[in-house]
Amino acid sequence: ELVSDPIQLSRKTLDRINGALTSLDFLNSSDDYQYAKDFSHLGTTTFRLTRNGKTRNATFNWTQNKDAKLLMDEYRKIGNQYVWMFDISLARENQPLESPRLMDSLDSLIRRNEISDPVQMVPFLQALANDERIPLIARNHATKISKQVEKGKK
């Protein structure tokens, strides 16, 4: 069965993406962002942008262009954020004992700056902190993480 989980990006995340695309002049450029060596074992990234009838694709697996790297990193961070949210939602419903491990995973992702917008996750974390379906240790960890994120925002 197909599962669809819509994502909502924060203004901060969209500004970073649009800023990188503007700096690259992505649609008007024909630059190849691929580094001289092939690092396909790291995964291949393909960006496709369509605006005003113009379309451009760029495929690479490693780059030294700082704006292309920023774009690649930002999309990976978005993926990390929403895959984690999907995983914890499944754990809430089906495997609540997995939630402490998932909270540790989120804590690690945030410390390594691998989440696109942690502030956007605060309401979700606060809802987790009050959800009696998951163990107390996970609820307490959710509270701790949300307070750290809010403190870091100020």
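Residues numbered from 1 in each chain as written. Predicted model: local features only at pLDDT ≥ 70, side-chain atom pairs only at ≥ 80, totals over all residues. Heavy atoms only, no water.

Trainee: So, the overall build of the protein: which residues are in play, and what are the values?
Mentor: In terms of regular secondary structure, the protein is built from 5 helices and 2 strands. Mapped in sequence order, the helices and strands of the protein form the string α-β-β-α-α-α-α. Split into buried and exposed, the 154 residues of the protein put 37% on the buried side. Within the protein, residue pairs in contact and separated by at least 24 positions form 65% of the contacts whose partners lie at least 6 positions apart. In the form shown here, the protein has an accessible surface area of approximately 9800 Å², with 49% of it arising from carbon and sulfur atoms. A distance of 5 Å separates the average location of the 23 positive side-chain charges in the protein from that of its 20 negative side-chain charges. (Helix = DSSP H or I, 4+ residues; strand = E, 2+ residues; numbered from the N terminus. Buried < 20%, exposed > 50% of the residue type's maximum accessible area, 1.4 Å probe, protein only. Contact = heavy atoms within 4.5 Å. Areas by Shrake-Rupley, 256 points an atom, 1.4 Å probe, with all protein chains shown as cover. Lys, Arg positive; Asp, Glu negative; His and termini not counted. Charge placed at Lys NZ, Arg CZ, Asp CG, Glu CD.)

Trainee: Explain a nonpolar patch on the surface residue by residue, including any values.
Mentor: Together, V3, F86 and L90 make up an exposed nonpolar region whose accessible area comes to about 240 Å². Of note, F86 is situated in helix 2 (residues 66–93). (Patch = residues over 30% accessible without salt bridge, like charges linked within 9 Å, V, L, I, M, F, W, Y side chains within 5 Å. Salt bridge = Lys/Arg side-chain N within 4 Å of Asp/Glu carboxyl O.)

Trainee: Requested: an account of the layout of surface pockets, with residues and values cited.
Mentor: Roughly 180 Å³ of internal volume is contained in the largest pocket. Forming the boundary of the largest pocket are L42, G43, T44, T45, N61, W62, K69, M72, D73 and R76. With 4 residues, the top contributor of residues to the lining of the largest pocket is helix 2. For the lining of the largest pocket, the per-class residue count stands at 3 nonpolar, 4 polar and 3 charged. Approximately 150 Å³ is the volume attributed to the second largest pocket. Contributing to the lining of the second largest pocket are K12, R16, L70, D73, E74, K77, I110, N113, I115, S116 and P118. Broken down by secondary-structure element, the contributors of at least two residues to the lining of the second largest pocket are helix 1 (11–24) and helix 2. By residue class, the composition of the lining of the second largest pocket is 4 nonpolar, 2 polar and 5 charged. (1 Å grid on protein atoms, 1.4 Å probe; cavity = no way out; pocket = protein on both sides within 12 Å on 5 of 7 lines; lining within 4 Å. Points joined across faces, edges and corners; volume = space filled by probe spheres on them. Nonpolar A, V, L, I, M, F, W, Y, C, P; charged D, E, K, R; others polar.)

Trainee: Would you mind going over the environment of A91 in detail, with residue names and values included?
Mentor: Its place among the elements puts A91 in helix 2. We classify A91 as buried; its relative accessible area is 3%. Not counting residues up to four positions away in its chain, the partners in contact with A91 are P96, E98, S99 and L102.

Trainee: Describe the pattern of salt bridges, and please don't skip the residues or the numbers.
Mentor: Tallying each qualifying case throughout the model produces 10 salt bridges. Among the ionic pairs, D131 bridges to R133, the shortest N-O distance being 2.9 Å. The structure contains a network of salt bridges with shared partners spanning K69, D73, R76 and E114.

Trainee: Tell me about the packing of helix 1 against helix 2, and please be specific about residues and values.
Mentor: In the contact formed by helix 1 and helix 2, the axes pass within 9 Å of each other and the chain directions differ by 155°. On the basis of their axis angle, the class for helix 1 and helix 2 is roughly antiparallel. Classified by chirality, the crossing of helix 2 by helix 1 is left-handed. From helix 1, T13, R16, I17, A20, L21, S23 and L24 reach across to helix 2, where they touch D67, A68, L70, L71, E74, Y75 and I78. (Axes fitted to C-alpha atoms, helices over the stretch in contact; angles between N-to-C directions. Parallel < 35°, antiparallel > 145°, perpendicular 65-115°, else oblique. Left-handed = near helix turned anticlockwise from the far one by under 90°.)

Trainee: Describe the nonpolar core, with residues and values.
Mentor: Judged by nonpolar contacts, the single largest core of 35 residues is most densely connected at F26, W84, M103, L125 and L128. At the level of secondary structure, the elements contributing two or more residues to this core comprise helix 1, strand 1 (45–51), strand 2 (54–60), helix 2, helix 3 (99–111), helix 4 (122–129) and helix 5 (136–153). Ranked by residue count, the leading element in this core is helix 2, at 9 residues. L125 has contacts with W84, M103, L106, A142, I145 and S146, leaving out every residue within four places of it along the chain. (Core = buried A, V, L, I, M, F, W, Y, C linked by side-chain atoms within 4.5 Å.)

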